[in-house]
Structure formats: C-alpha cells, structure tokens
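# Chains, contacts and geometry: an overview
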Amino acid sequence: MSDNGELKPIELPSSITVRELSEHLQASPIDVIKTLMANGVMANINQEIDFDTAAIIAAELGFDAQLEISEAESGKDISEIPLWRQWIAKETPKNLQPRPPVIGILGHVDHGKTTLLDAIREANVAEGEVGGITQHIGAYQVKHNDRFISFIDTPGHAAFTAMRARGAQGADIVVLVVAADDGVMPQTREAIAHAQAARVPIIVALNKIDRPNAVPDQVKQQLAEIGLVPDEWDGDTLVIPISAKEQKGLDDLLEAILLVADNTKIYANPNGEVFGTVIEASQERGRGAVATLLVQNGTLKTGDVVVTGQSHGRIKAMFDYQGVAIKKAPPSSPISVMGLDEIPAAGEIFKVVESTKVARTIVHDRQLQGEQSGAAKHAGMTLEQLFARVQSGEAQELRLIIKADVQGSLEPIISSLEEMQVEDIRVNILHADTGNVSENDVMLASSSDAIIIGFNVNPDPPARRLADTEKVSIRSYNIIYRLTEDIDKALRGLLAPEQKEVVLGRANVLAVFSASKIGKAAGCRVVEGTLYRNAFMRVMRGDEAVFEGEAASLKRHQEDVREVREGFECGIGMKGFNDFEDGDQVVCYKIEEVKVF
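Residues numbered from 1 in each chain as written. Predicted model: local features only at pLDDT ≥ 70, side-chain atom pairs only at ≥ 80, totals over all residues. Heavy atoms only, no water.

## A word on the nonpolar core
For the record, the criterion: Nonpolar core, defined: a set of buried Ala, Val, Leu, Ile, Met, Phe, Trp, Tyr and Cys residues in which side-chain atoms within 4.5 Å join the residues together. Each residue is placed in one exposure class: buried if its accessible area under a 1.4 Å probe, protein chains only, is under 20% of its type's maximum, exposed if it is over 50%, and partly exposed if it falls in between. Segments assigned H or I by DSSP are reported as helices when at least four residues long, segments assigned E as strands when at least two residues long, and all are numbered from the N terminus. Any two residues having at least one pair of non-hydrogen atoms within 4.5 Å are treated as being in contact.
If you look at the biggest cluster of nonpolar residues, it comprises 28 residues, and the most contacted ones within it are Leu116, Phe151, Val175, Ile203, Leu253 and Ile257. Elements supplying a minimum of two residues to this core: strand E6 (102-107), helix H5 (113-121), strand E7 (138-144), strand E8 (147-153), strand E9 (173-179), strand E10 (202-207) and helix H9 (250-264). If you tally residues by element for this core, the top one is H9, at eight residues. Ignoring any residue separated from it by four or fewer positions in sequence, one finds Ile257 in contact with Pro101, Ile103, Ile149, Phe151, Ile173, Val175 and Ile203. The next biggest cluster of nonpolar side chains, apart from the first, holds 21 residues, and it includes Cys524, Val539, Phe547 and Met574.

## Considerations on H5
H5 sits mainly inside the fold: eight of its nine residues count as buried. Buried residues of H5: Lys113, Thr114, Leu116, Leu117, Asp118, Ala119, Ile120 and Arg121, and no others.

## A short note on the packing of helix H13 (residues 439-448) against helix H14 (residues 461-470)
Each pair of packed helices can be described by the angle between their axes along with the distance between the axes. Definition in use: To define axes, lines are fitted to C-alpha atoms, for helices over the stretch in contact only, and angles between the resulting N-to-C directions are given on a 0 to 180 degree scale. In these notes the angle categories are as follows: under 35 degrees is roughly parallel, over 145 is roughly antiparallel, 65 to 115 is roughly perpendicular, and the rest is oblique. The crossing is said to be left-handed when, going from far helix to near helix, the turn is anticlockwise and less than a right angle, and right-handed when the turn is clockwise. Amino acid classes used here: Ala, Val, Leu, Ile, Met, Phe, Trp, Tyr, Cys and Pro are nonpolar; Asp, Glu, Lys and Arg are charged; the rest, including Gly, are polar.
Here H13 crosses H14 at 20°, and the two axes come no closer than 8 Å. One way to sum up the angle between H13 and H14 is to call them roughly parallel. Judged by the sense of rotation from one axis to the other, the crossing of H13 with H14 is right-handed. Residues Glu439, Val442, Met443 and Ser446 of H13 lie in contact with H14, whose contacting residues are Pro462, Ala463, Leu466, Ala467 and Glu470. For the contact of H13 with H14, the per-class residue count stands at six nonpolar, one polar and two charged.

## Some words on the packing of helix H7 (residues 186-197) against H13
Interaxial distance between H7 and H13 falls to 11 Å at its minimum, and their mutual angle equals 5°. Overall, the two elements H7 and H13 adopt an arrangement that is roughly parallel. In this structure, H7 contributes Gln187, Glu190, Ala193, His194 and Ala197 to the contact, and H13 contributes Asn440, Asp441, Leu444 and Ser448. Of the residues assigned to the contact of H7 with H13, the class counts are three nonpolar, four polar and two charged.

## So, unusual backbone geometry
We note that Asp234 has phi near 65°; this positive angle belongs to a residue other than glycine. Locating Asp234 in the fold gives a position in the loop between helix H8 (216-225) and strand E11 (239-241). Taking the relative accessible area as the measure of exposure, Asp234 reaches 66% and is therefore exposed.

## Side note on the side chain of Asp304
The cut-off we apply is this: The charge count treats Lys and Arg as positive and Asp and Glu as negative. His and the chain ends do not count. Within this document, salt bridges are pairs made up of a side-chain nitrogen of Lys or Arg and a carboxyl oxygen of Asp or Glu, the two lying within 4 Å of each other. Here a polar contact means two N or O atoms within 3.5 Å. Within protein one must be a hydrogen donor candidate and the other an acceptor candidate, and residues neighboring in sequence count only if both atoms are side-chain atoms.
Looking at where Asp304 falls in the secondary structure, it is placed in the loop between strand E15 (300-301) and strand E16 (305-308). One buried charge, Asp304, has no salt-bridge partner; the nearest side chain with opposite charge is Lys301, at 5.4 Å. Within polar-contact distance, the side chain of Asp304 engages the backbone nitrogen of Lys301 at 2.8 Å. In contact with Asp304, not counting residues within four places along its chain, are Thr299, Gly313, Arg314, Ile315 and Val352.

## Remarks on helix H2 (residues 29-38)
To keep it simple, the criterion reads: Our arc is simply the arc of the directions from the helix axis toward the C-beta atoms.
Listing the buried residues of H2 in full gives Val32, Ile33, Thr35 and Leu36. Buried residues of H2, seen end-on, are gathered within an arc of 160° and therefore sit on one face of the element. Of the residues in H2, the exposed ones pointing more than 90 degrees away from the buried face are Ile30, Lys34 and Ala38. Of the surrounding secondary structure, the elements contacted by the buried residues of H2 are helix H1 (18-24), strand E3 (48-50) and helix H3 (51-60). Taken from the residues just after H2, Gly40 is the one with a positive phi, measuring 80°.

## So, the sheet that holds strand E14 (residues 288-297)
Quick note on the threshold: Any two strands with at least two DSSP bridges between them are considered paired.
Pairing within the closed barrel is antiparallel, and its six strands lie in the order E13-E14-E19-E17-E16-E20. On average, each strand axis in the sheet is tilted by 45° relative to the strand beside it, whichever way the strands run. Summarising the sheet, E14 and strand E19 (residues 334-340) pair through six bridges and their orientation is antiparallel. The residue bridging Ala291 from the neighbouring strand is Val337, located in E19.

## Some words on the pattern of salt bridges
Scanning the model with the defined rule gives 15 salt bridges in all. Taken together, the salt bridges that share partners define one network made up of Arg541, Asp579, Glu581 and Asp584.

## Concerning the environment of Gly104
Considering the arrangement of structural elements, one finds Gly104 in strand E6. With 69 residues separating them in the primary sequence, Gly104 and Ile173 have C-alpha atoms 6.3 Å apart.

## Things to note about the pairing of E6
For a regular strand, side-chain orientation follows a simple rule: the groups alternate between the two sheet faces. With respect to burial, E6 is a largely interior element, six of its six residues being buried. Neither face of E6 is exposed, since Val102, Gly104 and Leu106 on one face and Ile103, Ile105 and Gly107 on the opposite face are all buried. As paired elements, E6 and E9 share five bridges and run parallel to each other. The residue bridging Ile105 from the neighbouring strand is Val175, located in E9.

## Overview of the pairing of strand E17 (residues 311-319)
Most of E17 sits inside the fold, with seven of its nine residues counted as buried. As judged from the four bridges shared by E17 and E19, these two strands associate in the antiparallel manner. Bridge assignment links Met318 to a residue of E19, and that residue is Val337.

## Overview of the confidence of the model for the chain
Definition in use: pLDDT gives the predictor's per-residue confidence on a scale running from 0 to 100.
The pLDDT averaged across the chain works out to 79; a share of 82% of its residues lies at or above 70. Within the chain, E15 carries the highest mean pLDDT (95), whereas helix H6 (residues 157-165) carries the lowest (53). Contacts for the low-pLDDT stretch residues 69-79, under 50 throughout, to residues beyond four places or in other chains number 26 contacts.

## Some thoughts on the state of the cysteines
Applicable threshold: In this description, the term disulfide denotes a pair of cysteine sulfurs within 2.5 Å.
Under the criterion given, the structure shown has zero disulfides. Summary of cysteine pairing: Cys570 is not part of a disulfide, and the nearest cysteine sulfur, belonging to Cys524, is at 5.2 Å.

This is the structure in structure tokens:
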C-alpha cells in the first residue's frame, strides 16, 4: 500500500501459482497461503489459482490487481482473449470507467432461461416463443439498486459458442440456469464447458424451487461433483435459489451478479474508440437491415459510420432495448440500429470509422481476403497445427474433449490424462461426458482449438459433417493405453523447440557514409558466406555486439539486392542504427528451431 493509503496497481495473469503470486506481491509464500486460507481457499505453494482469487489476496496485501491482457509475451494464447477485450486493454488506464456487466444466460433446454429473463425485465417474452423455446438472440437491460445490468438471451450455448468463435464473446458473467427438480443434464454440462472455455465467471440460478419435487441439495451435490462447488459449502460458485415463475429470489440473483461484477473489474472508456458486438440482425420491411448491437467501448452516436464484417453504413436511427429512439449509447448498451447496407452475422465485431470511404475500403479489403469478421476465418486444429502454434509460442496446452461409452471408462481416462505433463505443456480437458460425439462437441472444439477423443463411441452423422466443415480432429480409440500413449506422444511433439543460431555470412565494414533516407550506412566486403536482406543482422565491435536487428537496405552499385555473396562489396543500412565505425563486422544469421524429441 502506498504512503497515502491507496492500493498499489499491479498486473497479474489469468492464472498464477502461489509462489509466483508471493513474488509479485513481494510477500512471503506463508503470508499468501495464510491469506488464502482465511478466504476459504486451501492451496499449496505450487498450486495455480485464478485471477479473481489472486486479486482478492492482492487487495488484502495492499495491491489493486488488473488482468494482464498481453499474455502472448508470457507464452499464453492471446487468441483466447476476445478481440474487443484486447482493444480495451490498449486504452489509457486513467480513462477507463466502470460499465454495466453483460450477462449471458445458458442452461439445459426448458430449465427456464427465457422465463427467468422474462421475470427480471417484466416483459412477456416466453409466451411469444414457438413452443416456449427461444428462437432468436436478444439483448436487454434492467436496473437494480440504481445500477444497470445488460443481458444477452441466447437460444443455447451453440450461439454463445458461435459468438466466441468469431472472437467476440460478449458476456462478462454467465448465469447458468439449472432446474431444481431436474438437476444437472447433458446440456448443463455442455453449457458449463462453454462458459469455462470462455473463461468467464459462472453464477448458478437454481430455478423451479417452488415445485414440490424440487431437490435443491441433491442438485447442489451434482454441481459440486462437476466442479461448481456452492459458496455455502466453502466453494467459489454462487448458487442462488429462485423461482422465475413465482418471481422469488430475483433480487438475490441480481445482487449476486453485481457482487461478482464488482470483483471482476468491468471497465470501458466511454470517450474512447467505439466498438462492440453484433447480437442479431434481420431484414425488416420499410426499415432495411436492422441490427442489435452491444456497445463495448466508446459511445455510439447517430450519424456514426460503422463497419462490421463485410457490411457498413451510417447510423440513421438508434433505439434502446425498449424501442425508444435515442441519440447515443454508452458502453454495455444493447441497441437496435438502422443504416447498414447488409445484414451482418451474429458475433461480428463492429467499429466506428472516420468516413464512409474508409468503411468501403475496409469492406473491399475483407472481401478480397475472404474474411468473414475482420479476422482470418476460423479453422479447427489438428495435432500438427497445434504443434506449430506451440513452436510459435501461441499455445502451451493440449485441449481435449473426451467422450466415452460409459462412466466406468471415462473416469480412468480422465485421471490418466490429468496427470500428464511434459515440461510446461499440459492437458486441459474442456469437457468430458458419456455418449456419442455430438454437434455441440464439435462446436466447442472448433471455438476452443481442441481435439475430440472418442472411446468406444462414434460421431453422430451431423457431427461428422460439421467436423469436416470446421476441420475439427476426432480421434477414436477402443484401448485405453493406446489413447494415453498417443496423448503422451502428442505432448512430447508439442514441446517448444530449442532455438539455434546459424551464421549465414560475415562482412567487414570498410567505410561509413551518409544515406538520405536511413542516415548512416556502411560500405562492406563480404568475407564469409552470404548476406541476406531479410535475415537478422548483428553489428560487432571487437567482441561486443553493439546492435541486433534488421537491415533497412542492402545495395550493390546503388541497386537494391536480396543477397550478396562472399568476395563482393555492398552497402548496408540498419533499421534504428546509425553508429557504424570503420572496422566493425556485420554478422548475418537466422534462428533455426530444433525439436527436443
């Protein structure tokens, strides 16, 4: 804590060991472990804890923890972080302000998701749905204790996953609706897997407690068995008993949402760059393309020019969630807009640009590149592609979805795989259940870059077709040791390779002269090998390296060349270096990666 009593700012990653946390906080591991115990968390010095837990401990020890967004530098997969969160991370911290939390509602079919939202916003949505099942995506906003909360109502986790697959996953918190008379069902497990893969906090709304056959304690036990231990059982999951039909427990649920939101540090810059997510869109007679947008940063105004995917347009009119015309929308606002030239897809990221001309240029470029949402089209991962991602430092885990014929097979597979780790590469089981491989499994694998492992099961025909389309790898086994042996081999193949420097050529600096565009350049003679313009360069002065970087230019007889061989003279200019001296040596080299096994 600083001298004036304020908490010191500190950045922490999304997961961290107790030992690493103590080093960040400049505290002894014993003090950190004691503070964890005081907060109901039993952890040893080498155990990993999530950011939310670490932030609570940091606060008690005098620090204000912020999530470290630039995780690519630490070897973690930045693609897991939605694009809009990465953009917000680029905002100046002092300009960030708290914004209303955005809540996604997931759960098993007919467990009361839409009825719950209907009760919260006091609008009769459920009766208007075909068969009482949600057919569209909608976004709404409610007010509780003078604070706004935005809700995304989805037809199921498939839409939630489709949004995340486009890099736009908009929910800050997931409310998982579980019926107290029905308990944890297959779709409940899948919904949990999707929420956990998106790395967002989960609150359980234990619905239908008014029914005579409700067994809330039994359902809580089921939740605890799949990792959602209720807070009243010393866990970290808030389980709120409610009855959406009788409108009981709704205030408690909203209070829980605000409590988790306060601990999640949900910020945006209302005066910053304007961007957000497309929730749904349709063509309406007399109105053209009408899109429901969720503003996630900045303030959207009528007259702004928006580009999203391959559609663009100037906002002609804007309406809030109640259909009231408005002129501007701050962060976390769900709104409907008119003015886009085409219907965008749900999950597209929209941005405000300077002019219609700029928007047309962006769309044209995307059309040429075959892009769907301002990013390269998503494709599934094979083991070979995952290996390449680890080589480039983009991934440090093998993500699996396990499907088996019976629970008796599933449990030993999970226990064997969870123990596997080769150096810093580990197995991350996103979802495990019995039954054939389904379309939902493929959707989860596609959006999470995971491999599906089947034991004595087969993919459903629709799942097989979807896997072919999404290029998701499904591997089938009927002997457990062969399954575990292949995963072990995959982990060893996924090890980050060693790097080896290979010298391509050397040149001696004979003279230094001025060059108009790059400052000082060196006149050199190549004395060994070949210099390549696109390779790395090192300037040596005696035994000391005075510069390492890239060549700005490589010339022979005033002409740009790609390479200069031994015995020839050339002129070399470096990017960001103007301090050549006679007698320096330029070393040209490349980095080769060598597999450990």
